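Here is how the chains run, residue by residue.
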Amino acid sequence: MSDDEVFAHQRFGQKMGFGQRPGLVVIDFTVGFNDPDAFGGGNISQAIARTVDLLAVARRLGLPIAHTRIVYADDGSDAGIHCLKVPKLKTLTESSPLGQFVPEVAPLPGEIVIRKRLPSAFFETGLHGILHARDVDTLIIAGCTTSGCVRASALDAMCHGFRPIVVRDCVGDRALGPHEASLFDLDKKYADVMMLDDIVEHLEAAPVT
């Protein structure tokens, strides 16, 4: 059997669908993750370009919007085990040019900004409480990298009781193999993976109140 057939036989890959109140999180679209010489490459730039359109729709419809960036202390005092694997992450300090948001998808006033030190947007950040307070039950997810912070955030979103909707053309990775494998895995077990146009069609038909 093919991979799809194995999962279908075991009844994986059912659709969660949207709940009543969607929100959006844009994960780590910073200068460093858009730079192939730093942390970027692959299809990340294309995902950023599509997220410009996603943000425009989310803002017009009044969705709660959160943005994340990785921030470490200047002296590296809060670096953890993850930095043993990727020491260069410690260069993403508050003032580092690489750690700043890509201007095209930067937060606007009133949008949530989350600073994190680990892959998940939820780990020790308080994001779940902020979203629950706004009655969000469905979390649309864009950002990078698909195999890292996007995957970790989608899994934690599900664990916190949100329905994760990963936007296929608004997530990217420095390498396409891990990108595609992660989307397959997420769609079979933890999230709905959808194209932006299909998400917009749903949002337009069921506007947030």
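Structural notes, computed from the coordinates. (Residues numbered from 1 in each chain as written. Predicted model: local features only at pLDDT ≥ 70, side-chain atom pairs only at ≥ 80, totals over all residues. Heavy atoms only, no water.)

Overview of the packing of aromatic side chains
- By the definition in use, this model includes 4 aromatic pairs.
- Each ring, one from F7 and one from F184, has its centre 5.4 Å from the other, and the planes form 85°; the classification is edge-to-face. Of this pair, F7 sits in helix α1 (residues 3-9) while F184 sits in helix α6 (residues 176-189), placing them 177 residues apart in sequence.
- Ring geometry for F122 versus F162: centroids 5.9 Å apart, planes at 25°, classification stacked. Residue F122 is located in the loop between β3 (112-116) and α4 (127-133), and its partner F162 is located in the loop between α5 (146-159) and β5 (163-172); the two are separated by 40 residues in the primary sequence. (Phe/Tyr/Trp six-rings, centres within 6.5 Å; stacked < 30°, edge-to-face > 60°. Helix = DSSP H or I, 4+ residues; strand = E, 2+ residues; numbered from the N terminus.)

Some points on the sheet that holds β5
- Strand order in the open sheet made by the 6 strands is β3-β2-β1-β4-β5-β6, with parallel pairing throughout. Each end of this open sheet is capped by a strand with a single partner; those strands are β3 and β6 (192-194). Recorded for the sheet is a direction-independent mean angle of 25° between the axes of neighbouring strands.
- For β5 and β6, the ladder comprises 3 bridges, and the chain directions are parallel. If you follow I165 over to β6, its bridge partner there is D192.
- Across the sheet, helix α2 (residues 44-61) touches β1 (22-27), β2 (65-70), β4 (138-144) and β5, and the angle it forms with β5 is around 130°.
- Sheet strands touched by α6: β5 and β6. Its angle to β5, the strand with the most contacts, is close to 160°. (Pairing = 2+ DSSP bridges. Axes fitted to C-alpha atoms, helices over the stretch in contact; angles between N-to-C directions. Contact = heavy atoms within 4.5 Å.)

Quick word on the pairing of β1
- In terms of burial, β1 is a largely internal element, 6 of the 6 residues being buried.
- Of the two faces of β1, the one lined by P22, L24 and V26 and the one lined by G23, V25 and I27 are each fully buried.
- The sheet contact formed by β1 and β4 spans 6 bridges and is parallel. Counterpart to P22 in the pairing with β4 is T138.
- As judged from the 4 bridges shared by β1 and β2, these two strands associate in the parallel manner. If you follow L24 over to β2, its bridge partner there is I65. (Buried < 20%, exposed > 50% of the residue type's maximum accessible area, 1.4 Å probe, protein only.)

Looking at unusual backbone geometry
- The linkage connecting C144 with the following residue, T145, adopts the cis geometry, with an omega of -10°.
- Looking at the secondary structure, you find T145 in the loop between β4 and α5.
- In this structure, D28 takes a positive phi of about 60° despite not being glycine.
- Positive phi values are uncommon outside glycine, yet E124 reaches one of about 55°.
- Inspection of the secondary structure puts E124 in the loop between β3 and α4.
- Among the residues examined, E124 registers a relative accessible area of 63% and is labelled exposed.

Some thoughts on the side chain of S182
- Along the polypeptide, S182 turns up in helix α6.
- For S182, the side chain forms a polar contact with the main-chain oxygen of P178, separated by 2.8 Å.
- Residues in contact with S182, not counting those within four places in the same chain, are T146, S147 and R151. (Polar contact = N/O pair within 3.5 Å; in protein donor to acceptor, adjacent residues only side chain to side chain.)

The analysis is restricted to geometry; functional conclusions fall outside its scope.
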